Amino acid sequence: MAKLIQTAAAFHIDIHGPLPDMPAGLRTTPTAKQLNHDWITAFNNRDWTAETAIRTPGFLAHLSGAPGPLNFDAWNGFMQAFTTAFPDSKITIEECIAQGTRTATRRSLTGTHQGEFQGIPATGRRIHFQGLEFNRLEGHQFAEHWSMFDNVSLLRQLGVLP
C-alpha cells in the first residue's frame, strides 16, 4: 500500500479511503429488470448457485415446444442438458422491459452444437436464434417463466429441417 501511495503521489493522483458502508435503511432491493439481468448473467457464467437462488422453490417454466411446464428440478435438468449440448451458449439481452412483478425480454442465443440435444447428435454447427421470455416475480425471485424461441430456425441450423 505504501508503494501505491508513493506512486500515486508522484503522478499527482489522490487516493481516498474506502467508501463508508451504506446504512441498512438505505440499501435498495434489486429491481425486476436487475433480477432478470442477473439471472441471464448466471446462465452465461454457468453459476448454477446464483441461477437457482433467483427462482422460487415452486418455480414453473413454460417452454415453446415442451409438452408441459417444467418445475424447479425439471428446469435444472433442462439447463444441464442444454448447456451440455451447447457448452459455449450465451444469451444476449436485446431489450428488457419491466413493470411491477413482470419482465419481458427480447433476447438472442448463440452457441455451438457440441453434444446431443433432444435426440439430435452433435453437429459442430454454430447456432444463433431469437426468443422472447416473460417472467413473473414473487418477492425477489422468479416464480414463473415463459419462453418462446424460434424452434424452426434452431432445427434448420442443426440440419434437421430443410
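All values derive from a computational prediction rather than experimental measurement.

Peer 1: Mind showing me how you'd approach the environment of Arg-46 here?
Peer 2: By the element assignment, Arg-46 lies in the loop between helix 2 (32-45) and helix 3 (48-53). Overall, the relative accessible area of 22% leaves Arg-46 in the partly exposed class. In sequence terms Arg-46 and Gly-115 are 69 residues apart; their C-alpha atoms lie 17 Å from each other. Discounting chain neighbours no more than four positions away, the residues touching Arg-46 are Thr-83, Phe-86, Pro-87, Asp-88 and Ser-89.

Peer 1: Please clarify how the side chain of Arg-107 should be interpreted in this entry.
Peer 2: Locating Arg-107 in the fold gives a position in strand 4 (residues 102-112). Assessed through its relative accessible area of 5%, Arg-107 is described here as buried. At 2.6 Å, the side chain of Arg-107 and the side chain of Ser-147 are in polar contact. Those residues within four positions of Arg-107 in sequence are excluded, and the remaining contacts are Ile-91, Thr-92, Ile-93, Glu-94, Phe-129, Gln-130, Gly-131, Leu-132, Glu-133, Ser-147, Met-148 and Phe-149.

Peer 1: How should the packing of aromatic side chains be read in this particular structure?
Peer 2: For any two aromatic rings, the description comes down to two numbers: the centre-to-centre distance and the angle of the planes. Counted under the stated rule, the structure contains 11 aromatic pairs. Measuring from ring centre to ring centre gives 6.0 Å for Trp-39 and Phe-59, while their planes differ by 75°; the resulting arrangement is edge-to-face. Here Trp-39 is found in helix 2, whereas its partner Phe-59 is found in strand 1 (residues 55-63), with 20 residues between them in sequence. Residue classification places Trp-39 among the buried positions, given a relative accessible area of 4%. The exposure class of Phe-59 is buried, given its relative accessible area of 0%. One aromatic cluster in this structure is built from Trp-39, Phe-59, Trp-75, Phe-78, Phe-82, Phe-86, Phe-117 and Phe-142. One cation-aromatic arrangement involves Arg-46 over Phe-43; the distance from NZ or CZ to the ring centre is 4.7 Å. Seen from the ring of Phe-72, Arg-55 lies directly overhead, with NZ or CZ sitting 4.2 Å from the centre.

Peer 1: Can you walk me through the sheet that holds strand 5 (residues 126-138) in this structure?
Peer 2: Backbone-to-backbone hydrogen bonds pair the strands of a sheet. The strands run either parallel or antiparallel. If you walk across this open sheet you meet the six strands as 2-1-6-5-4-3, and the pairing is mixed. Two strands lie at the open edges of the sheet, namely strand 2 (70-71) and strand 3 (90-99), each paired on one side alone. Here helix 4 (residues 72-85) sits on the sheet in contact with strand 1, strand 2, strand 4 and strand 6 (141-149), set at roughly 60° to strand 1.

Conventions adopted
Residues numbered from 1 in each chain as written. Predicted model: local features only at pLDDT ≥ 70, side-chain atom pairs only at ≥ 80, totals over all residues. Heavy atoms only, no water. Helix = DSSP H or I, 4+ residues; strand = E, 2+ residues; numbered from the N terminus. Buried < 20%, exposed > 50% of the residue type's maximum accessible area, 1.4 Å probe, protein only. Contact = heavy atoms within 4.5 Å. Polar contact = N/O pair within 3.5 Å; in protein donor to acceptor, adjacent residues only side chain to side chain. Phe/Tyr/Trp six-rings, centres within 6.5 Å; stacked < 30°, edge-to-face > 60°. Lys NZ or Arg CZ within 6 Å of the ring centre and 35° of its normal. Pairing = 2+ DSSP bridges. Axes fitted to C-alpha atoms, helices over the stretch in contact; angles between N-to-C directions.

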